[in-house]
Amino acid sequence: MKQDIVIVNTGCANIASVRYAFERLAVAVSVSDDPARINRADKVILPGVGSAQAAMTSLHQKGLVEPLQQLTQPVLGVCLGMQMMVDASAESRDGDIPCLGLIPGRVERLQAEGLRLPHMGWNTLSDIAEHPLLHGIDEQQYFYFVHSFGVAVSDTTLARGNYGQPFAAVIAKGNFMGAQFHPERSGRAGARLLKNFVELVN
Amino acid sequence: MLAKRIIPCLDVRDGKVVKGVQFRNHEIVGDIVPLAQRYAEAGADELVFYDITASSDARVVDKSWVSRIAQVIDIPFCVAGGIKSIEDAGRILEMGADKISVNSPALANPDLIRALHDTFGQQCVVVGIDSFFDAQTGQYQVYQFTGDEKRTQATRWQTQDWVAEVQQLGAGEIVLNCMNQDGVRQGYDIPQLSSIRARCNVPLIASGGAGSMAHFADVFTQADVDGALAASVFHKGVIDIPALKQYLRQQGVAMRNDDRECV
């Protein structure tokens with residue numbers, strides 16, 4: 001079945017990488033910041049790199065905050081895109097910045113117990129929940145992470161990462177899902193997650 | 001556990017991958033995209049593309065190959081060479097690069113590092129440092145314009161001071177190229193890398209000197225670097241990446257496995 005998958009044009013820099021990753025799976029995707037276009041997509045990707053403050057400012061300027069909050073189809077946030085899905089982020093020069101509030105949680109600076117930040121490189125997952133997004137993914141596989149902030153583990157966590165402290169590597173609530181790592185740059189394991197997302201049944 | 005990274009480096013000149021010895025006598029190794037694809041397939045954890053002519057020639061370089069690479073590979077990659085402004089960096093990141101690396105332009109204008117950090121985030125700002133051990137003074141000195149033998153020159157910076165400065169300005173990762181070792185395959189500069197490691201709170205990548213699999217084990221276990229970069233040993237087939245990663249696993253170094261059955 002041909003699907004209409006739209007990547008939200010957040011103005012962030014990894015949009016091309018995310019689009020190419022779907023194209024490698026022979027899945028065509030569009031990039032748009034038009035709320036009506038995003039609303040009628042079968043599935044939506046929310047990419048993001050950089051800082052939460054800049055990215056949320058961009059979503060506000062584009063008038064995308066409410067339209068994104070009203071989506072009912074599967075939505076996948078990637079890296080900063082995932083962090084924007086929770087209630088608020090501490091990654092801002094002036095205190096907390098409100099995020100989209102799609103999934104309960106807060107973004108805090110990682111307390112890496114003396115380890116180097118950013119947490120940059122390939123790492124594994126643990127406590128992987130049964131969820132269609134994570135079919136075929138196990139604790140032996142590595143994913144590419146680049147981040148200094150993270151979401152705490154909670155009952156919306158589908159898989160944990162660990163870097164000095166446990167943090168939420170994959171989260172979900174209803175139709176909203178997010179991955180802290182970059183599936184588009186995580187080799188075959190990352191491609192598997194994207195394929196799982198494509199194959200999700202609405 | 002966070003894996004250590006194996007990073008093939010592809011020096012690019014006029015759209016071809018080249019390799020020289022101690023920055024001289026460049027010979028063509030092959031086309032960029034097939035080589036990148038081959039390394040990604042072989043299990044490389046990341047790739048770095050250095051346009052070695054860009055900074056020293058002061059010209060705008062055709063970077064259309066960046067998007068061709070982004071289309072075919074599924075691992076992160078970094079582009080270096082001639083990135084002098086936010087606009088230069090933005091174009092490369094939009095084409096699909098995950099990180100950009102600055103070297104000579106950051107020495108000329110250290111504020112570039114801060115601007116890149118503030119615009120694109122720390123995660124994509126890599127600072128490359130060419131460091132040369134001066135036996136007369138006993139100091140490690142930062143060099144610039146190392147892509148062009150005629151223009152290569154020492155800067156006023158000692159390596160450890162520049163490492164501290166670039167972290168202060170917002171670098172997300174440092175690639176330390178030990179020039180005395182470059183291309184001669186006698187092993188990484190463990191004393192220098194260990195000394196810089198102690199002063200470096202961001203990921204540190206070792207560059208220059210890889211000749212054997214044992215050299216990789218040494219640099220990971222003795223200098224605790226996050227990644228090891230190498231060129232000729234991979235280009236010339238001296239070291240096979242899957243065999244290297246298997247060997248390093250046996251040495252107790254955390255290595256990613258790339259599960260080919262997964263998709």
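Model, not experiment: these values are computed from the prediction.

Turning our attention to the overall build of chain A. What chain A contains, in helices and strands, is six helices and 13 strands. Relative to the compact-globule value of 17 Å for 202 residues, chain A shows a C-alpha radius of gyration of 15 Å, a close match. Projected onto the principal axes, the alpha-carbon positions of chain A cover approximately 45 × 40 × 30 Å. Of all 202 residues assigned to chain A, the portion counted as buried reaches 62%. Sequence-distant contacts, at least 24 apart, represent 69% of the contacts inside chain A between residues at least 6 apart. Carbon and sulfur atoms form 48% of the exposed surface of chain A, whose accessible area is close to 7,500 Å². Once the 17 positive and 19 negative side-chain charges of chain A are each reduced to a mean point, those two points are 7 Å apart.

So, about the layout of surface pockets. A volume near 930 Å³ is recorded for the largest pocket. Forming the boundary of the largest pocket are 35 residues, of which A:Gly50, A:Ser51, A:Glu91, B:Phe120 and B:Gly121 lie nearest the centre. Elements supplying a minimum of two residues to the lining of the largest pocket: α3 (52-61), α5 (80-83) and β9 (142-147) of chain A together with α4 (86-94) and α6 (111-120) of chain B. When the residues that make up the lining of the largest pocket are grouped by side-chain class, the tally is 12 nonpolar, 18 polar and five charged. What the second largest pocket holds in volume is close to 340 Å³. Along its surface, the second largest pocket is lined by 18 residues, and A:Arg116, B:Met1, B:Leu2, B:Lys4 and B:Asp224 are the ones closest to its centre. Elements that contribute at least two residues to the lining of the second largest pocket include exactly β8 (119-124) and β11 (157-163) of chain A. Ranked by residue count, the leading element in the lining of the second largest pocket is β8(A), at three residues.

Looking now at the UniProt feature "active site" (unreviewed entry) in chain B. All names here are of chain B. Taking the numbering used here, the UniProt-annotated feature "active site" (unreviewed entry) corresponds to Asp11 and Asp130. Here aspartate 11 shows up in strand β1 (residues 5-13). Aspartate 11 gets classed as buried once you look at its relative accessible area, which sits at 14%. Aspartate 11 has contacts with Lys16, Val17, Val18, Tyr50 and Ile52, leaving out every residue within four places of it along the chain. Relative to the helices and strands, aspartate 130 resides in strand β7 (residues 125-134).

A word on the packing of aromatic side chains. All names here are of chain A. Per the stated rule, a full pass over the model turns up 12 aromatic pairs over all chains. For the pair phenylalanine 145 and phenylalanine 181, a centre-to-centre distance of 5.5 Å together with 75 degrees between the ring planes defines the contact as edge-to-face. Here phenylalanine 181 lies in the loop between β13 (176-179) and α6 (187-199) and phenylalanine 145 lies in strand β9, a separation of 36 residues in the sequence. Under the relative-accessibility criterion, phenylalanine 181 is labelled buried at 0%.

Turning our attention to the side chain of B:Thr155. Residue and element names in this part refer to chain B. Mapped onto the fold, threonine 155 is located in strand β9 (residues 153-158). We classify threonine 155 as buried; its relative accessible area is 12%. A distance of 3.1 Å separates the side chain of threonine 155 from the backbone nitrogen of tryptophan 157, its partner in a polar contact. Excluding residues within four positions of it along the chain, threonine 155 makes contact with Leu107, Gln141, Val142, Tyr143 and Gln144.

Before going further, it helps to spend a moment on the interface of chain B and chain A. How big an interface is tends to be expressed through the accessible area that disappears when the partners come together. Each side of the interface is counted separately: chain B has 45 residues, and chain A has 33 residues. Summed over both partners, the interface of chain B with chain A comes to about 3,200 Å²; 52% of that surface belongs to carbon and sulfur atoms. Between chain B and chain A we count four salt bridges in total. A:Arg116 is paired through a salt bridge with B:Asp226; the nearest N and O atoms lie 3.1 Å apart.

Rules used in this analysis
Starting afresh in each chain, residues are numbered from 1 along the sequence in its written order. Going through the entries in the order they are written, you letter the chains from A and number the ligands from 1. Local features in a predicted model are, by the rule used here, given only for residues with pLDDT of at least 70; side-chain atom pairs are given and counted only at 80 or more, and totals for whole chains, interfaces and linings are based on all residues. Neither water nor hydrogens contribute to the side-chain values; these are computed over all heavy atoms in the structure. By definition, any uninterrupted DSSP run of H or I lasting at least four residues is a helix, any uninterrupted run of E lasting at least two residues is a strand, and each is numbered from the N terminus. Every radius of gyration here is taken over C-alpha atoms, with the globule rule written as 2.2 Å times N^0.38, N being the number of residues. Only protein chains enter the area calculation, which uses a 1.4 Å probe; residues under 20% of their type maximum are buried, those over 50% are exposed, and those in between are partly exposed. Should any heavy atoms of two residues lie within 4.5 Å, those residues are counted as being in contact. The method behind every accessible area is Shrake-Rupley, applied with a 1.4 Å probe, and residues are considered shielded solely by the protein chains displayed. This count recognises Lys and Arg as positive and Asp and Glu as negative, with His and chain-terminal groups excluded. A charged residue contributes its charge at one atom only: NZ of Lys, CZ of Arg, CG of Asp or CD of Glu. Two kinds of site are reported from a 1 Å grid over the protein atoms alone, namely cavities, where a 1.4 Å probe fits but cannot get out, and pockets, open sets with protein on both sides within 12 Å along at least five of seven lines, and residues are called lining when an atom falls within 4 Å of a point. Grid points are joined across faces, edges and corners, and a volume is the space filled by probe spheres set on the points. Under this grouping Gly is polar, as are all residues other than the nonpolar Ala, Val, Leu, Ile, Met, Phe, Trp, Tyr, Cys and Pro and the charged Asp, Glu, Lys and Arg. UniProt positions are given in the numbering used here, feature names are shortened, and annotations may be inferred rather than shown by experiment. Classification of ring pairs rests on two measures: the distance between centres of Phe, Tyr or Trp rings, Trp counted by its six-membered ring, which must be within 6.5 Å, and the angle between planes, read as stacked under 30 degrees, edge-to-face over 60 and tilted in between. In protein, a polar contact means a hydrogen-donor-capable atom and an acceptor-capable atom, both N or O and within 3.5 Å, with residues adjacent in sequence counting only if both atoms are side-chain atoms; elsewhere, any N or O pair within 3.5 Å suffices. By buried area we mean the combined loss of accessible area, with a 1.4 Å probe, across both parts when two parts are placed together. Salt bridge criterion: a side-chain nitrogen from Lys or Arg within 4 Å of a carboxyl oxygen from Asp or Glu.

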